[in-house]
Amino acid sequence: MQRFDLEANGLRALNETLQAQESQTNETAWEVVNPRGSHAIAVGLDAPLDVTVRGSTGYYCAGMNQQATVRIKGSAGPGVAENMMSGTVVVDGDASQYAGATGHGGLLVIKGNASSRCGISMKGIDIVVAGNVGHMSAFMAQKGNLVVCGDAGDALGDSIYEARLFVRGEVRSLGADCEEKEMREEHLEILRDLLDRAGIDARPEEFRRYGSARKLYNFDIDNAY
Amino acid sequence: MCGIVGLFLKDKALEPRLGELLTDMLITMSDRGPDSAGIAVYPGAHEGLAKLTVQADDPARFEGLGAAMSRALGADVALRVKDTHAVIDLPADKVAEARAALKSLCPEARVMSAGEAIEIYKEVGLPGDVAKRFDIPHLTGSHGIGHTRMATESAVTTLGAHPFSTGMDQCLVHNGSLSNHNSLRRKLAREGVSVETENDTEVAAAYLTWKMQEGHSLGEALESGLEDLDGFYTFVVGTKDGFGVVRDPIACKPAVMAETDQYVAFGSEYRALVNLPGIEDARVWEPEPATVYFWKH
């Protein structure tokens, strides 16, 4: 495993080194020490690397990720895995606001809680949160799955286009045009697979499914102010 | 964008290190607010004594002010000059008289804070430079809050820097912007509460002072602020023996807290907290939106 000391060598060197790895690289295992809450750690990766960050991170860790697995052995600041395209990001602690925002693909696992706006404008990413999510999560979600094993805050799925939202605990309130949906066998299958891939021991049958009522798709004069 | 740091010590053994720890946190937040910086500390009260922290652009104005104030009040007064600021120690019952006397003795001086314990130091410039000018690393105390400013709502001036103090031993720092500060300023004026600058944050500080004058606790004042203050805010507030945090219901402005047996710490980002003793084992969390947090000695 290659070891990179962020405090000694700096952020630019880290990201340049990781981004320079070819897709056939043999040096796939990396460890980043002394992150000390720095911003933009391991962003823009595009190779099948396995990067472990030993500590908590600041803004935008693992942003724009493709192919790589990034493991954060601490908590993550705002915008973790923002605009992820593929690969996997695992946060051992909590995640701050807008985790997984605008993500197009890949899997984001948060083993603690996520705060507000988790999965805002998600476009195909799968997000699994072992704890709770804050208010306005999955706001304007377009595609993908958000799985919440704990509770969801206010206005879940506000102005949602498409995307599946699975919540095991309480939902404080649903946002505009978000409604509870029937949980069919196909959804249980999807959920079982996501929980399995996230390594979370929970029964799919305990979750409820929410999604778009599709009433905001077309202009309705009664919605105008 | 602005940066906030705060440290409320539970363990007296850390008190000699308050200034050093806060300075490190403040400098880490330089890139959130390189315009100006300020700090409020509570070095502890002495029975029967109070202090005024005053500021003048030209420190030469403080020459002879101690003796003149002593004569005007007919009481013992001590003056400590620190760069553009001076702390005037005086009998606790003479604060109002001293404020009035200051207007004629040193018309250029502005009162930064008044109280039994509080001292405020703030200036335009990089946080590291401001900390050096006032020798902040050597300040001691039971708690303190600091701010690095990136101005949005009013000019980059010493008086526009945070913390703001609008009541005895009270102070407030703010990350965000208020949208109803003009109407609130007029409302406070009708209630007899004056606000000195054009700054939105000072209105928030004055609002809390007004609520407390009406008999509310700081916690209750912060709760009613959630109703009456419109805009984005993370506030950290200090009182003689207390330390509070509140975020608006949307909670865009970042906040991280850490607590150990020795302290409660606040940072706009986790980065600000990484050098605190025992941070590895601290309970670290993000304060909830629209929720008042408060600690008291």
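All values derive from a computational prediction rather than experimental measurement.

Colleague: Even after reading the chapter, I still don't get the confidence of the model for chain B, so can you show me in this structure?
Modeller: Interpretation of the predicted coordinates at a detailed level should be avoided for regions scoring low in pLDDT. Averaged over every residue, the pLDDT of chain B is 96; residues scoring 70 or more account for 100%. The complex prediction reports pTM at 0.95, with the ipTM value standing at 0.93.

Colleague: Sorry if this is basic, but what is going on with the interface of chain B and chain A here?
Modeller: Frequently, the measure chosen for interface size is the accessible area removed from exposure when the parts meet. In this assembly, 9 residues from chain B lie in contact with 13 residues from chain A. In terms of residue class, the side of chain B that touches chain A is made up of 6 nonpolar, no polar and 3 charged.

Colleague: Explanation requested: the domain arrangement of chain B in the structure shown.
Modeller: Residue and element names in this part refer to chain B. Taken domain by domain, chain B comprises domain 1 (2-44 + 126-296) and domain 2 (45-116). Domain 1 and domain 2 are separated by 24 Å when their C-alpha centres are compared. Across the contact, 12 residues belong to domain 1 and 11 residues belong to domain 2. Its residues placed into classes, the side of domain 1 that touches domain 2 shows 5 nonpolar, 3 polar and 4 charged.

Colleague: What should I look at first to understand the packing of helix α2 (residues 65-73) of chain B against helix α3 (residues 95-105) of chain B in this one?
Modeller: Packed helix pairs are specified by the crossing angle of their axes together with the interaxial distance, meaning the distance between the axes. Residue and element names in this part refer to chain B. In contact at an axis separation of 10 Å, α2 and α3 are set at 125° when each is read in the N-to-C sense. As judged from the angle between their axes, α2 and α3 are oblique. Crossing geometry of α2 relative to α3 is assigned as right-handed. Residues L65, A68, M69, A72 and L73 of α2 pack against E97, A98, A101 and L105 of α3. Tallied by class, residues from the contact of α2 with α3 come to 8 nonpolar, no polar and 1 charged.

Colleague: Would you take a moment to explain the nonpolar core for this structure?
Modeller: Soluble globular proteins: nonpolar side chains tend toward being buried together. Ranked by size, the top nonpolar core spans 84 residues in total, and within it L22(B), L26(B), I88(B), L172(B), A204(B) and A265(B) carry the most contacts. Residues within four places of I88(B) in sequence aside, it is in contact with K51(B), L52(B), V54(B), M69(B), V77(B), L79(B) and A98(B). Counting residues in hydrophobic clusters, the runner-up holds 69 residues, among them W30(A), A42(A), L107(A) and I120(A).

Colleague: Help me out: how do you make sense of the sheet that holds strand β11 (residues 242-247) of chain B in this one?
Modeller: Within a sheet, neighbouring strands are paired by backbone hydrogen bonds and run either parallel or antiparallel to one another. Residue and element names in this part refer to chain B. The 4 strands lie next to each other as β9-β10-β11-β15, forming an open sheet whose pairing is antiparallel. Each edge of the open sheet carries a strand with a single partner, namely β9 (171-178) and β15 (293-296). Averaged over all adjacent pairs, the angle separating strand axes in this sheet is 5°, with direction ignored. Sheet topology places β11 next to β15; 4 bridges connect them, and they run antiparallel. Among the inter-strand pairings, V245 is bridged to a residue of β15, identified as Y293.

Colleague: So what exactly am I meant to see when it comes to the pairing of strand β4 (residues 78-82) of chain B here?
Modeller: Each regular strand displays side chains that alternate between the two surfaces of the sheet. Residue and element names in this part refer to chain B. Pairing analysis gives 5 bridges linking β4 to strand β5 (residues 85-91), with the strands arranged antiparallel. Counted as the bridge partner of R80 is V87 from β5. Count of turn residues in the β4/β5 antiparallel hairpin: 2 residues, of which D83 carries a positive phi of about 55°.

Colleague: I'm lost on the packing of helix α6 (residues 200-213) of chain B against helix α7 (residues 218-228) of chain B in this one. Help?
Modeller: All names here are of chain B. The interhelical angle for the contact between α6 and α7, taken along N-to-C directions, is 125°, at an axis separation of 9 Å. When the interaxial angle is binned, α6 and α7 end up oblique. As for the relative orientation of α6 and α7, their crossing is right-handed in sense. Contact with α6, carried on its side by Y207, L208, K211 and M212, involves L218, A221, L222, S224, G225 and D228 of α7 and no other residues of that element.

Conventions we followed
Residues numbered from 1 in each chain as written. Chains lettered and ligands numbered in written order. Predicted model: local features only at pLDDT ≥ 70, side-chain atom pairs only at ≥ 80, totals over all residues. pLDDT = per-residue confidence, 0-100. Contact = placed C-beta atoms within 7 Å. Nonpolar A, V, L, I, M, F, W, Y, C, P; charged D, E, K, R; others polar. Domains from an automatic or database assignment. Axes fitted to C-alpha atoms, helices over the stretch in contact; angles between N-to-C directions. Helix = DSSP H or I, 4+ residues; strand = E, 2+ residues; numbered from the N terminus. Parallel < 35°, antiparallel > 145°, perpendicular 65-115°, else oblique. Left-handed = near helix turned anticlockwise from the far one by under 90°. Core = buried A, V, L, I, M, F, W, Y, C linked by C-beta atoms within 7 Å. Buried ≥ 20, exposed ≤ 12 C-beta atoms within 10 Å, placed from the backbone. Pairing = 2+ DSSP bridges.

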